[in-house]
Amino acid sequence: MKVLKFGGSSVAKPERIRGIVSILQKYHARGDRFTVVFSAFGGVTDGLIDMATKAEQGNETYLTAFEQVKTRHIEAAQELLSAARFAEVLPTLTKATDDLLGVLRGIFLIHEVSPRTLDYVVSFGERLSNLIIAHTLDESGIPAEFLDARKVIKTDKNFGSAKVDFEETDHLVAEHYATHSDKIQIVTGFIGSVKGTSKGKEFGLTTTLGRGGSDYTAAIIAAGLNADVIEIWTDVDGVLTADPRKVKKAFTIPTMTYAEAMEMSHFGAKVIYPPTLQPAFRKQIPLYIKNTFNPDFIGTLVSNKREPSAHAVQGISSISNVSLLTLSGSGLFGVPGVAGRLFAGLAAASINIILITQGSSESSISFAVNPNDAPRAKKAVEKAFEYELKNGTVNPLSIESDLAVVAIVGEGMRYRPGIAGLMFHSLGKNGVNCVAIAQGSSELNISVVVPRHDEAKALNALHEGFFLSDAQTLNLYIMGVGLIGKTLIRQIADTAEFLKKNRYIEIKIVGLSNSRKMLFDENGIDQQNFMQQLSEKGETANPSVFVEKMKALNLPNTIFVDVTASKEVADLYHSILDSSVSISTANKIANSAAYKNYTSLKETAIKRSIRYCYETNVGAGLPVISTLSDLIISGDRILKIEGVLSGSLSFIFNNFKQGVTFSDIVTKAKELGYTEPDPRIDLTGVDVRRKLVILAREAGLTIEQEDVEIKNFLPEPCLSAKTVDEFFENLKNADAAFDKMLANTVQGTPNGEGGKLRMIAKVENGKATIGLETVDANNPFYTLDGSDNMIVFTTERYRERPLVVRGPGAGAEVTAAGVFAEVIAIGNYLG
């Protein structure tokens, strides 16, 4: 015997009921013995509660709601049944709805709806739907018969969530099915009746089994029949590894044990109603969770057998809103019976406890409850510990709200080292703080209490850590879509398949902004048409709003990328890092601003256990800062740092030769885009100073920009020119002076073998300088050409032959590549 159950979403519309008829016809054609439990039509139970509430309040709109429910059922019957069968069923439907209306009128008159009356009102949902479906099946060639579960399921008088008398119920179920074996029983879910009968009634007072109780009905019937299997048909492909509304990459768990399913359902998995498993577990009846809208999919099998191939962690679940109460104080230490008094007081107040945790110091006990129960729980605890609170040996009860419980579940965790480590690593790297932790000795689950706004992030981080450990998704927010930003996105798109196949990394661009517009897409912005999307769908750009939106989305593995030169963006770094979001930046402003700001950013990153990366601040894609860091970390001592740190100045002085005027070469550099629109920004060393300050700070110096000595070589008229055109005019007038400077380079070298001019930034003996120098053939800078940068490190280990880093120090390709490399490195750190 099979017991099948179909939920409200499966029977919400007539066309869906026809789909169920098709499924059941296959069972019937195979000769399967089965019975079916149906819920009320989707939304009807809530509608019945709503109309009862309105009637109680004296709100006459309950009549409108009633008419809608009545019409919905009559129209469904009319659509599903032949005219003759509809005429046969209509009187029964009409009587039932008349009975419902009579009860509602009574509620309206006395302005009161008791739990007993409400149970009777909501029972009409299942009674009406099952009556219609039973006749529909019977007319389709499946010999079906309507069974009002109140005849066979007997309970106590705990209206709203009645407890089943299994001894009497098992007997009645077996007896009824034995005498009705010629028909397939179509059973009302959710409802039962009080033991015994009322005078002149077929059964006792109507009760309900709690919300989601139709699943429970199926398990109760199965237990009474000693069925071979239970099938719960819903609107998802079985039990998933996590809530798919919160974790997009959740997938179906093929098999799980009763214990695992119980844990998952307790911690918020909505596919299974928790009491459902108790009768199945008692009789060891396997349970399938299947999808009405994907009937050929196998779904999830729940049984007492654990498959050897099953994951150690089978699922991740959560309870979205809890309050954490903590009882603490010296009066708890070593005192027997404290926990007993605490939980006895809570039980007396009918408080359900979701989670309990106590430290080995015995100085505190924390427990989580539904937020609605928190005030009553507080009163109960204060009453239980009234004496200790008065004498000060117990502290006033603390209550923390806006929290969530996240749990990993799996019988395979038992005796498997490293599970807790991976859990806390995944949470910690994503900046999720654990407020409380609980694990039972059975090792079936590990639960953590986290801030409510971090629930989805925690679920995704854990899901990736336990189920997608070979695949990592990085969520990027890119500020700046100029030449470097566009190049970075192209590089990401071009290497997407390689990264997924060889490094198991997927990069999604979730946020994008230029100076005019910004765009967000949690599922990832199209990396091929991002500019068109930004133009057509983007909202007005605002860096502060951009960052707040990023925080609100609160995705795991979030990385903020800054490829602007904006101070407004740089000023947001503290807020970003403090939100546990890693940064990769090519923007030099933050690190070259006040020294206090520089150190604060680094300290915040360390405190939050995330990465603050800025390799491209100096030398674009060259490994300058990382090389310097490696030297220091390995114990080397920095004696001197020298560098040609400007691609534009490198180009200018590498091409300033006999026969070429200085003004001509500067003009050419500007035309090629090597210099700023006003070349004086480059020629006066302003940009180089920022880079040198960053290098000096990385080497351990406490230095500000104003501490850097810049030896200016431009004539005063060039410096004081009011416009760029005037500057070039004055520069041309100074060509003779620069020609003389070039001629003197030969005399400025030993033995007069010929020298070259280089704009060299230098850190030595605690001082930082920038100036034009003449170098000879023995100097590493002598061979520099093109627009290359060169940085020379003289250290204790590299004293005789300094360590040289040389290569392109500017350009969109190399700068974007440097940022891209940092994104991958951050991903490896987070993974």
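Here the structure is a predicted model, which means the values were calculated and not measured.

**Let's talk about the overall build of the chain**
Moving on, step 1. Counting its secondary structure elements, the chain contains 31 helices and 30 strands.
Moving on, step 2. For 831 residues, the compact-globule formula gives about 28 Å, and the C-alpha radius of gyration of the chain, at 37 Å, lies well above that figure.
Moving on, step 3. The C-alpha extent of the chain, read off along each of the three principal axes, is 125 × 70 × 55 Å.
Moving on, step 4. Taking the intrachain contacts of the chain between residues at least 6 apart in sequence as the baseline, contacts between residues at least 24 apart amount to 72%.
Moving on, step 5. Of the side chains in the chain, 87 bear a positive and 95 a negative charge, and the two mean positions are spaced by 2 Å.

**A word on the pairing of strand β25 (residues 638-644)**
Moving on, step 1. In the sheet, β25 pairs with strand β29 (residues 788-795) via six bridges, with the strands oriented antiparallel. Bridge pairing in β29 places G643 opposite I791.
Moving on, step 2. As paired elements, β25 and strand β27 (residues 756-764) share four bridges and run antiparallel to each other. Bridged to E642 within β27 is K762.

**Notes on the pattern of salt bridges**
Moving on, step 1. A complete count under the given rule lists 37 salt bridges for this structure.
Moving on, step 2. The network of salt bridges with common partners includes R85, E88, D138 and K183.

**Some words on the pairing of strand β23 (residues 582-585)**
Moving on, step 1. Neither face of β23 is open: one carries S582 and S584, the other I583 and T585, and all of them are buried.
Moving on, step 2. In this structure, β23 lies alongside strand β24 (residues 612-613), joined through two bridges in parallel fashion. For S584, the partnering residue across the bridge sits in β24 and is C613.

**Focus on the nonpolar core**
Most often, soluble globular proteins have nonpolar side chains that are buried together.
Moving on, step 1. Residues F6, L24, F38, L137, I221 and I230 are the most contacted members of the largest nonpolar core, which totals 91 residues.
Moving on, step 2. When sequence neighbours within four positions are dropped, the list of residues in contact with I221 reads V3, T35, V152, I153, V173, Y177 and V187.
Moving on, step 3. If you look at the next biggest cluster of nonpolar residues, it comprises 72 residues, including V547, L555, L601 and A721.

**Here we look at the sheet that holds strand β12 (residues 315-328)**
Moving on, step 1. On the basis of which strands lie adjacent, the open sheet formed by six strands has the order β13-β14-β12-β15-β17-β16 and antiparallel pairing. Two strands lie at the open edges of the sheet, namely β13 (353-358) and β16 (436-439), each paired on one side alone. Direction aside, the axes of adjacent strands within the sheet are offset by 30° on average.
Moving on, step 2. Sheet topology note: the strand β15 (residues 398-409)/strand β17 (residues 445-451) ladder contains seven bridges and is antiparallel. Pairing of V409 across the sheet is with N445, part of β17.
Moving on, step 3. Most of the contacts of helix α14 (residues 455-467) go to β12, to which it runs at about 125°, and overall it touches β12, β15 and β17.

Rules behind the numbers
Residues numbered from 1 in each chain as written. Predicted model: local features only at pLDDT ≥ 70, side-chain atom pairs only at ≥ 80, totals over all residues. Heavy atoms only, no water. Helix = DSSP H or I, 4+ residues; strand = E, 2+ residues; numbered from the N terminus. Rg over C-alpha atoms; globule rule 2.2 N^0.38 Å. Contact = heavy atoms within 4.5 Å. Lys, Arg positive; Asp, Glu negative; His and termini not counted. Charge placed at Lys NZ, Arg CZ, Asp CG, Glu CD. Pairing = 2+ DSSP bridges. Salt bridge = Lys/Arg side-chain N within 4 Å of Asp/Glu carboxyl O. Buried < 20%, exposed > 50% of the residue type's maximum accessible area, 1.4 Å probe, protein only. Core = buried A, V, L, I, M, F, W, Y, C linked by side-chain atoms within 4.5 Å. Axes fitted to C-alpha atoms, helices over the stretch in contact; angles between N-to-C directions.

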